[in-house]
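Below are the chains, spelled out letter by letter.
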Amino acid sequence: MSYRLPTFATADNPTAKEPRLLVRLLTFLYLPIFNLKLLLLPSNLSFDWSMDAIPRIKTLFDVRNLYTAAFYTALAMIVRKATNSLRKSDTRCNASNICDTRTRYSPQKRCAQCNESVCGLEECGFHANNNTIHINRNFPSGPQSFGSNAYGKVCFQSSSLCFSRKSEVVLTVLVFLVFPFLPSSNLLFYVGFVLAERVLYIPSLGFCLAVAFGFHVLSSRTNRRKASFCFVALLVVLSARTVHRNRDWFDEEALYSSGVSINPPKAYGNLGSVLSSKGRIQEAEKAFRMALSFRPNMADVHYNFLLEVINGSYTMSDD
């Protein structure tokens, strides 16, 4: 049994069949930005993104290359900042966090914010640093001078709260956004489509996490009512877009009609077949001719059109 990679039609993923390496590289590097735009602003959606629905980037002077450069630069900066923050937090956690009761702990010393006992500090760790928290617990003092049963108060940083929470959330969002998308990005290997909205289902979890985290940050820095208003407004807008898009999927005619502005040859070709099956001959003929005007080499459209001509439904009139 020999192993062979799957083969796809050129129309399904024309960029993968492009002979010039630079064109393939520039186009496929741009596609994640286009997918992110669909995820954040789903204004233009289509049932099919094959053929030339997304024009290839054929030159370095294409303005879309600026978007690509800005996107990957911003992504690298975010990842670097988040990982550095985690590394610094981890270093602080590994430092000596236990306070000797004989030298640093004072029962009279309490946090000005929460009245908790602290180890020679003006505030407890929770109020002094949002990333860490100091907790007072009983801990064996160890030295024999205190006696074998002696216990002293110690102050330490909780290891579960030492890491930067913001960095953890940011990296989690990126994991959900990036890793599920990579296999279908055409960056690792070629797939049978340029873009498919269905591959954004799992990355949308990252988007939801980002929205929730953004609401948390906004509500902590501004008035909670303003944050709630922004969240509700976003929810209403996206819900309205969902309801509108569901209407496009009501039947085949509505679905193919909605894709005319994105992928005219594919949409008109499919629409012609649907209209023909409904007996709407003149509308179907117009749809077939529109499809061929955008892409004259569509064999399936020629076949369907000619089949109806043979059956006597159409006349071979010249345009």
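- As annotated in an unreviewed UniProt entry, the chain carries the name dolichyl-phosphate-mannose--protein mannosyltransferase and is attributed to Bemisia tabaci.
- The Function (unreviewed entry) comment attached to the chain in UniProt states, word for word, "Transfers mannosyl residues to the hydroxyl group of serine or threonine residues."

1. Quick word on the UniProt feature "transmembrane region" (unreviewed entry) in the chain
No. 1: Per the UniProt record, "transmembrane region" (unreviewed entry) is found at residues 21–41, 61–79, 169–193 and 199–218.
No. 2: Each end of residues 21–41 is marked by a C-alpha atom, and these two atoms are 30 Å apart; helix forms 95% of the span and strand 0%.
No. 3: What you have in residues 61–79 is 84% helix and 0% strand, and the ends, taken at the C-alpha atoms, are 28 Å apart.

2. Brief notes about the pattern of salt bridges
Should their charged atoms come close, side chains of opposite charge can pair.
No. 1: A full pass over the atoms with the stated rule returns 10 salt bridges.
No. 2: Of the charged contacts, one joins E18 and R56 as a salt bridge, the two residues approaching to 3.2 Å between their closest N and O atoms. Taken together, the positions of E18 in the segment before α1 (21–40) and R56 in the loop between α1 and α2 (64–94) put the pair 38 residues apart, joining distant regions of the chain.
No. 3: Of the charged contacts, one joins R289 and E285 as a salt bridge, the two residues approaching to 3.2 Å between their closest N and O atoms. Of this pair, R289 and E285 both sit in helix α9 (residues 281–294), separated by four residues, roughly a single helical turn.
No. 4: E285 sits in the buried class, given a relative accessible area of 16%.

3. A short note on unusual backbone geometry
No. 1: At M51, a position not held by glycine, the phi torsion is positive, near 60°.
No. 2: With respect to the element layout, M51 can be found in the loop between α1 and α2.
No. 3: With relative accessibility at 8%, the residue M51 sits in the buried group.
No. 4: You will see that N186, though not glycine, has its phi angle at about 70°, which is positive.
No. 5: Within the secondary structure layout, N186 lies in the loop between α4 (165–178) and α5 (203–221).

4. A short note on the UniProt feature "repeat: TPR" (unreviewed entry) in the chain
No. 1: The UniProt feature table records "repeat: TPR" (unreviewed entry) at residues 265–298.
No. 2: For residues 265–298, helix accounts for 79% and strand for 0%, while the C-alpha atoms at its two ends are 8 Å apart.

5. Quick word on empty space enclosed by the protein
No. 1: All told, the structure shown has two cavities of 30 Å³ or more when counted by the stated rule.
No. 2: Space inside the largest cavity adds up to approximately 40 Å³.
No. 3: P14, T15, W49, M51, D52, A53, I54, R56 and V194 are the residues that line the largest cavity.
No. 4: Broken down by class, the residue content of the lining of the largest cavity amounts to six nonpolar, one polar and two charged.
No. 5: Of the pockets and cavities examined, the second largest cavity occupies roughly 30 Å³.
No. 6: Along the walls of the second largest cavity sit N35, F181, S184, S185, F193, V194, L195, A196 and V199, which together make up its complete lining.

6. Considering helix α8 (residues 264–277)
No. 1: If you check α8, its first and last C-alpha atoms are 20 Å apart, about what 14 residues at 1.5 Å a residue would give, namely 20 Å.
No. 2: With 10 of its 14 residues buried, α8 lies for the most part within the structure.
No. 3: The complete set of buried residues in α8 reads P264, P265, A267, Y268, G269, L271, G272, V274, L275 and S276.
No. 4: Those residues of α8 that are buried are in contact with α7 (252–258), α9 and α10 (299–310).
No. 5: Of the residues trailing α8, G279 is marked for its positive phi of about 80°.

7. Looking at the nonpolar core
No. 1: By size, the foremost hydrophobic cluster in this structure holds 24 residues, and its most contacted members are F34, L38, W49, I54, L195, V199 and L200.
No. 2: Considering each element in turn, this core owes the most residues, eight residues, to α1.
No. 3: Beyond its immediate chain neighbours, meaning those up to four positions away, L200 contacts N35, L38, L39 and F181.

8. Re the packing of α5 against helix α6 (residues 224–248)
No. 1: Running from N to C, α5 and α6 point in directions that differ by 155°, and their axes come no closer than 8 Å. By the angle between their axes, α5 is roughly antiparallel relative to α6. Note on element contacts: α6 touches α5 through R224, A227, S228, C230, F231, L234 and L238, opposite F207, V211, F215, L218 and S219.
No. 2: Looking at the contact of α5 with α6 residue by residue, the class counts come to nine nonpolar, two polar and one charged.

Analysis parameters
Residues numbered from 1 in each chain as written. Predicted model: local features only at pLDDT ≥ 70, side-chain atom pairs only at ≥ 80, totals over all residues. Heavy atoms only, no water. UniProt positions renumbered as here; feature names shortened; annotations may be inferred. Helix = DSSP H or I, 4+ residues; strand = E, 2+ residues; numbered from the N terminus. Salt bridge = Lys/Arg side-chain N within 4 Å of Asp/Glu carboxyl O. Buried < 20%, exposed > 50% of the residue type's maximum accessible area, 1.4 Å probe, protein only. 1 Å grid on protein atoms, 1.4 Å probe; cavity = no way out; pocket = protein on both sides within 12 Å on 5 of 7 lines; lining within 4 Å. Points joined across faces, edges and corners; volume = space filled by probe spheres on them. Nonpolar A, V, L, I, M, F, W, Y, C, P; charged D, E, K, R; others polar. Expected span 1.5 Å × (residues − 1). Contact = heavy atoms within 4.5 Å. Core = buried A, V, L, I, M, F, W, Y, C linked by side-chain atoms within 4.5 Å. Axes fitted to C-alpha atoms, helices over the stretch in contact; angles between N-to-C directions. Parallel < 35°, antiparallel > 145°, perpendicular 65-115°, else oblique.

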